[in-house]
Amino acid sequence: MNILAIETSCDETSVSVVLDGVEVKSVVISSQIKIHTKFFGVVPELASRAHIENINPVIYQALNDAGIKFVNFSKKIDAVAFTVGPGLAGALLIGAIAAKSLAGIYSKPLIPVNHLEGHLYSSFIENKSVKPPFLGLIISGGHTELIVVKDFGKYKVLGGTRDDAAGEAFDKAAKMLGLSYPGGPVIDEKAENGNPSAIKFTRPYLKGSWDFSFSGIKTALLNYLKENPVENEKHLNDICASFRQAIAETLCFKSFEAVREFNLKQIILGGGVSANLLIRKMFLETGRKNKIKIFIPSLIYCTDNAAMIGCAAYLKQKKCGFKYSNTQLKPNPSLLLENW
Ligand SMILES: Nc1ncnc2c1ncn2[C@@H]1O[C@H](COP(=O)(O)OP(=O)(O)OP(=O)(O)O)[C@@H](O)[C@H]1O
Ligand SMILES: [Mg+2]
């Protein structure tokens, strides 16, 4: 089954053609980072406008890269999937309108996909044999979620962020340090040359809860910088390495506590922050020591992309088919993870 998937939840306009959920025939990602960099965050109105400009060319490009001529859309594409939420209202709307137009014109079924399920199943693209149950850790710009995935579409959400998401903490820390947006990749790069033990930032383990809270580390950084302004490149690298270490240890500690508690044998990471070099290394090493299998997507599938939406859509239609109510097909900026 060839699914044309559309992702427009935030600041990436992405379209992908995915065969049977795992064979990515094409994935085109048009990033808006240049537009939002000067604001140190995504400006919703600018994001919507950019999606409007980008969506048609990105659809054409994705079809072209997959070797499908637009005139053959009806013959070659079996269903159209789109991110229905959570995300920015205006941005979601553009993807939904494009998907509904294509599905309407060519009489194709529509599959609404929760953006978080895209991140959760993005590892499946490169690991065809993975099966639930597993612990899912979504670490992105807007989320830090720990989820027991009992089966496809059967979730127990253990905890989430109480304040800043992991990616948001990296982005805000970068701003304090005078670095560029998005902050995660820049801090990651500088941290590679720094000493992670130089500054002892707090590890907010929140014992007795599966929630996360990263605003404390952020405030600790702010207070540290008031007393110790950045002196030189080495000092900056040490701050980045110490900050990254505190976030990575917190995520790793709680995830491995959860696999023990719920007797799971696999952890799957997803979301932009899973591109972090230390987080990848720490999870893989701790997994090896504890005999827990770790799956982390390649960098292209960590941040927002439509291939992960095509993958999640395929899994969903296998279980639920193509019958969705108008409510399920309506973009919902604050959509929660729901069982299928
Ligand atoms: N190497 C890295 N280390 C740490 N963070 C990173 C790295 N690369 C990207 N990020 C962070 O990932 C985030 C973007 O990820 P993603 O695109 O999944 O988030 P989003 O789609 O905006 O949020 P959500 O998925 O919650 O709606 C940014 O906050 C960015 O700083
Ligand atoms: Mg995302």
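It should be emphasised that the depicted structure is a prediction, and the values quoted were computed from it without experimental measurement. (Residues numbered from 1 in each chain as written. Chains lettered and ligands numbered in written order. Predicted model: local features only at pLDDT ≥ 70, side-chain atom pairs only at ≥ 80, totals over all residues. Heavy atoms only, no water.)

Colleague: Now, about the domain arrangement of the protein: what can you tell me, with residues and values included?
Modeller: Much of the literature gives interface size as the accessible area that the parts lose upon coming together. Per the domain assignment, the segments making up the protein are domain 1 (2-120 + 301-320) and domain 2 (132-296). Relative placement of domain 1 and domain 2: their C-alpha centres are 27 Å apart. Between domain 1 and domain 2, the residue contacts involve 16 residues of the former and 24 residues of the latter. Taken together, both faces of the contact between domain 1 and domain 2 bury some 1,600 Å²; the carbon and sulfur share is 73%. The largest contributions to the domain 1 side of the interface with domain 2 come from Phe40, Leu120 and Cys302, which together make up 43% of the buried area. (Domains from an automatic or database assignment. Contact = heavy atoms within 4.5 Å. Buried area = accessible area lost by both parts, 1.4 Å probe.)

Colleague: If you had to explain the site of ligand 1 to someone new, which residues and values would you point to?
Modeller: Around ligand 1, the structure places 23 residues, and the nearest of them are Ser140, His143, Asp171, Gly272 and Asp304. A distance of 3.0 Å is found between an oxygen atom of ligand 1 and a backbone nitrogen or oxygen belonging to Gly142. When the free accessible area of ligand 1 is taken as 650 Å², the share hidden by the protein chains comes to 90%. Most atoms of ligand 1, that is more than half of them, are within 2 Å of grid points of the largest pocket. Secondary structure elements with two or more residues in the shell around ligand 1: α5 (115-121), α6 (166-176) and α7 (183-191). Element by element, the count of residues in the shell around ligand 1 is highest for α7, at four residues. Taken together, the residues of the shell around ligand 1 sort by class into seven nonpolar, 13 polar and three charged. Lining the shell around ligand 1 are residues from two domains, each supplying at least three of them: domain 1 (2-120 + 301-320) and domain 2 (132-296). (Near = heavy atom within 4 Å. Polar contact = N/O pair within 3.5 Å; in protein donor to acceptor, adjacent residues only side chain to side chain. Areas by Shrake-Rupley, 256 points an atom, 1.4 Å probe, with all protein chains shown as cover. 1 Å grid on protein atoms, 1.4 Å probe; cavity = no way out; pocket = protein on both sides within 12 Å on 5 of 7 lines; lining within 4 Å. Sits in = over half its atoms within 2 Å of the grid points. Helix = DSSP H or I, 4+ residues; strand = E, 2+ residues; numbered from the N terminus. Nonpolar A, V, L, I, M, F, W, Y, C, P; charged D, E, K, R; others polar.)

Colleague: So what's going on with the sheet that holds strand β10 (residues 293-295)? Which residues, and what values?
Modeller: Taken in spatial order, the five strands line up as β8-β7-β6-β9-β10 in an open sheet, and their pairing is mixed. A strand with exactly one partner marks an edge of an open sheet, and here the two such strands are β8 (154-159) and β10. Between one strand and the next, the sheet's axes are offset by a mean angle of 25°, whatever the strand orientation. Pairing between strand β6 (residues 134-139) and strand β9 (residues 266-270): four bridges, direction parallel. The partner of Leu135 across the bridge, within β9, is Ile267. The sheet contacts of helix α9 (residues 233-261) involve β6, β7 (144-151), β8, β9 and β10, and relative to β6 the element is tilted by about 160°. (Pairing = 2+ DSSP bridges. Axes fitted to C-alpha atoms, helices over the stretch in contact; angles between N-to-C directions.)

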